[in-house]
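Working through the structure, step by step
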Amino acid sequence: MPTPIILDCDPGHDDTFAILLAAGSDRVDLRAVTAVAGNHVVEKSALNARRVLSLTGVTGVPVAAGHAGPLLGEHAAPRQGDQYGGPDVHGNSGLDGWDFAEPTVPQDERHAVELMISVLTESTEPVTIVATGPQTNVAALLLAAPHLRPKIREILCMAGSTHRGNFLPYSEANVLFDPEAASIVLNSGVPVTYCGLNVTHQALVTAEVLAEIGSVPRLGEAAEALLRFRSGTYDRIWGMPEPPLHDPVVVAMLIDPSLVGCQDANIVVELHGAFTRGATAIDLAGVTDRKPNARVALELDAPRFWQLLTDTLRKLA
Ligand code: RIB
Ligand code: CA
């Protein structure tokens, strides 16, 4: 039976591949896509989610826009320019590199949190939430509808890092953009998985990967163009011409748990550090007395991950 999921995201190039993987896998029952501010403002996240879903040809998946900034408001956000995103990985549209057609997938009128509540309420079985952007919508859901927590099977997050960060030396973007939300999710009592930079940096878009994805009928040209744009920005910002593709890794581990080695550990989010706000202190060695509150992804079988992604794109084509 396919796993019912809500995908909460901020597309974004790597979120795009998370959407494609979720929409194309027969092991996933994609019940909703919800957008959040992160890589760009929420209006662009929602529009881009609609563009990507329209490209897949998959219909009947509602898309709604959610929170426009972190739970505590804009003053809690990192100050890295006048728009969300800091270093500009994704371009002005939030998804530069391909000229998308007008989306055929409409925007659901509801707020993302209302849509999540409807999906959970109507579902006869618990639903998995996959979060590939800042966790603002997810935390807001947990606060607004605590009675629905038993209807959430687990929350899988592309978030954090066991080592270094990206948008700050020790802070990963999705946690940095809303550390309080991440902390609420981790302390919710719902099973949480963290798929962080330490594992997503094992999913590198090499020349071979680009060629393989580019060869997919129908979707390949757009997919390759988007990845080439991302390679350019990653090279300029981080000196990485073969960039990591973070967000689809967390969907892949839902589809095939054998792709990723994990360990239970305690995670706390730094909420106050002068230089480390949004850092994730992940106690892999068990040196604190804090109990594990998450499953932490550590090792990715990268060849099999790319195989899954390209096979799924071929199915969608
Ligand atoms: O740090 C990587 C994460 O930040 C990814 O989800 C990417 O889309 C950006 O939002
Ligand atoms: Ca993202």
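Above this text is the structure in question.
Residues numbered from 1 in each chain as written. Chains lettered and ligands numbered in written order. Predicted model: local features only at pLDDT ≥ 70, side-chain atom pairs only at ≥ 80, totals over all residues. Heavy atoms only, no water.

Remarks on the environment of Ile-5
Of note, Ile-5 is situated in strand 1 (residues 3-9). Look at Ile-5 and you get buried, because its relative accessible area is 0%. A C-alpha to C-alpha distance of 9.3 Å links Ile-5 and Val-119, two positions 114 residues apart in sequence. Among residues more than four places away in sequence, those in contact with Ile-5 are Ala-22, Val-28, Asp-29, Leu-30, Arg-31, Ala-32, Val-127, Thr-128, Val-130 and Leu-254. (Helix = DSSP H or I, 4+ residues; strand = E, 2+ residues; numbered from the N terminus. Buried < 20%, exposed > 50% of the residue type's maximum accessible area, 1.4 Å probe, protein only. Contact = heavy atoms within 4.5 Å.)

As for the coordination of the calcium ion (ligand 2)
Each donor-metal-donor angle in an ideal tetrahedron of four donors is 109.5 degrees, and each such angle in an ideal octahedron of six donors is either 90 or 180 degrees. Here the calcium ion (ligand 2) is held by the protein donor atoms Asp-10 (OD), Asp-15 (OD), Asp-15 (OD), Thr-132 (O) and Asp-247 (OD), which lie 2.2 to 2.5 Å from it. Each donor residue of the calcium ion (ligand 2) lies on one chain, and together they are spaced D-x4-D-x116-T-x114-D. Within this pair, whereas Asp-10 is found in the loop between strand 1 and helix 1 (13-24), its partner Thr-132 is found in the loop between strand 4 (127-131) and helix 4 (136-144), the two being separated by 122 residues in sequence. Both residues of the pair, Asp-10 and Thr-132, count as buried. (Donors = N, O, S within 2.8 Å, 3.2 Å for Na, K, Ca; no water.)

Some points on empty space enclosed by the protein
Considering all chains together, one arrives at 3 cavities of 30 Å³ or more under this definition. Estimates place the volume of the largest cavity at around 160 Å³. Taken together, 19 residues form the lining of the largest cavity, with Asp-14, Asn-39, His-90, Ala-173 and His-246 sitting closest to its centre. Mapped onto the lining of the largest cavity, the elements with two or more residues apiece are helix 1, helix 5 (173-176) and helix 9 (220-238). (1 Å grid on protein atoms, 1.4 Å probe; cavity = no way out; pocket = protein on both sides within 12 Å on 5 of 7 lines; lining within 4 Å. Points joined across faces, edges and corners; volume = space filled by probe spheres on them.)

Considerations on the site of ligand 1
For ligand 1, the set of nearby residues contains 13 residues, the closest of which are Asp-14, Thr-132, Asn-166, Glu-172 and Asp-247. Asn-39 is positioned with one of its side-chain polar atoms (N or O) 2.9 Å from an oxygen atom of ligand 1. Asp-247 is positioned such that a nitrogen or oxygen atom in its side chain is 2.6 Å from an oxygen atom of ligand 1. Burial of ligand 1 by the protein amounts to 97% of the accessible area it has alone, namely 270 Å². When atom positions are compared with the pocket grids, ligand 1 is found to occupy the largest cavity. Sorting the residues of the shell around ligand 1 by element identifies helix 1 and helix 5 as the ones contributing at least two each. (Near = heavy atom within 4 Å. Polar contact = N/O pair within 3.5 Å; in protein donor to acceptor, adjacent residues only side chain to side chain. Areas by Shrake-Rupley, 256 points an atom, 1.4 Å probe, with all protein chains shown as cover. Sits in = over half its atoms within 2 Å of the grid points.)

Some thoughts on the pattern of salt bridges
As enumerated under the stated definition, the model contains 10 salt bridges in all. Note that Arg-314 is salt-bridged to Glu-212, the shortest N-O span being 3.4 Å. Taken together, the residues span a long stretch of sequence, with Arg-314 in helix 11 (residues 302-316) and Glu-212 in helix 8 (residues 207-214) at a distance of 102 residues. Look at Glu-212 and you get partly exposed, because its relative accessible area is 37%. (Salt bridge = Lys/Arg side-chain N within 4 Å of Asp/Glu carboxyl O.)

Here we look at the sheet that holds strand 2 (residues 28-35)
The mixed open sheet is built from 9 strands, whose spatial order is 3-2-1-4-5-6-9-7-8. Two strands bound the open sheet, and with one partner strand each, they are strand 3 (63-65) and strand 8 (280-283). Strand-to-strand twist across the sheet, computed as the mean angle between neighbouring axes with direction ignored, equals 30 degrees. Pairing geometry for strand 5 (residues 152-158) and strand 6 (residues 192-195), over 4 bridges, is parallel. Following the sheet pairing, Ile-155 is matched in strand 6 by Val-192. Sitting on the sheet, helix 3 (residues 112-122) touches strand 1, strand 2, strand 3, strand 4 and strand 5, and the angle it makes with strand 2 is about 155 degrees. Relative to strand 5, helix 4 is tilted by about 155 degrees, and along the sheet it contacts strand 1, strand 2, strand 4 and strand 5. (Pairing = 2+ DSSP bridges. Axes fitted to C-alpha atoms, helices over the stretch in contact; angles between N-to-C directions.)

Focus: the nonpolar core
The biggest cluster of nonpolar side chains holds 55 residues, and the ones touching the most others in it are Leu-30, Leu-53 and Trp-306. Once you skip the residues sitting within four places of it in the chain, Leu-53 turns out to touch Ile-19, Ala-23, Leu-30, Val-33, Val-58, Val-61, Val-63 and Val-105. Residues Ala-64, Leu-120, Ala-265 and Ile-267 belong to the second largest nonpolar core, which totals 36 residues. (Core = buried A, V, L, I, M, F, W, Y, C linked by side-chain atoms within 4.5 Å.)

Re the pairing of strand 9 (residues 294-300)
With 2 bridges connecting them, strand 6 and strand 9 associate as parallel partners. Of the residues in strand 9, the one forming a bridge with Tyr-194 is Val-296. As defined by bridge partners, strand 7 (residues 260-269) adjoins strand 9 across 6 bridges and the pair is classed as antiparallel. The partner of Gln-263 across the bridge, within strand 9, is Val-296.

Quick look at the packing of aromatic side chains
The description of two aromatic rings rests on the distance between their centres and on the angle between their planes. Across all of its chains, the model carries 4 aromatic pairs by this definition. Measuring from ring centre to ring centre gives 5.8 Å for Phe-167 and Phe-177, while their planes differ by 80 degrees; the resulting arrangement is edge-to-face. On the criterion of sequence distance, the pair formed by Phe-167 in the loop between strand 5 and helix 5 and Phe-177 in the loop between helix 5 and helix 6 (179-186) is long-range, its members being 10 residues apart. One exposure class covers both Phe-167 and Phe-177, and it is buried. Taken together, a centroid distance of 4.7 Å and an interplanar angle of 40 degrees make the contact between Tyr-234 and Trp-238 tilted. Taken together, the positions of Tyr-234 and Trp-238, both in helix 9 and 4 residues apart, correspond to about one turn of that helix. Overall, Tyr-234 belongs to the buried group, its relative accessible area being 3%. (Phe/Tyr/Trp six-rings, centres within 6.5 Å; stacked < 30°, edge-to-face > 60°.)

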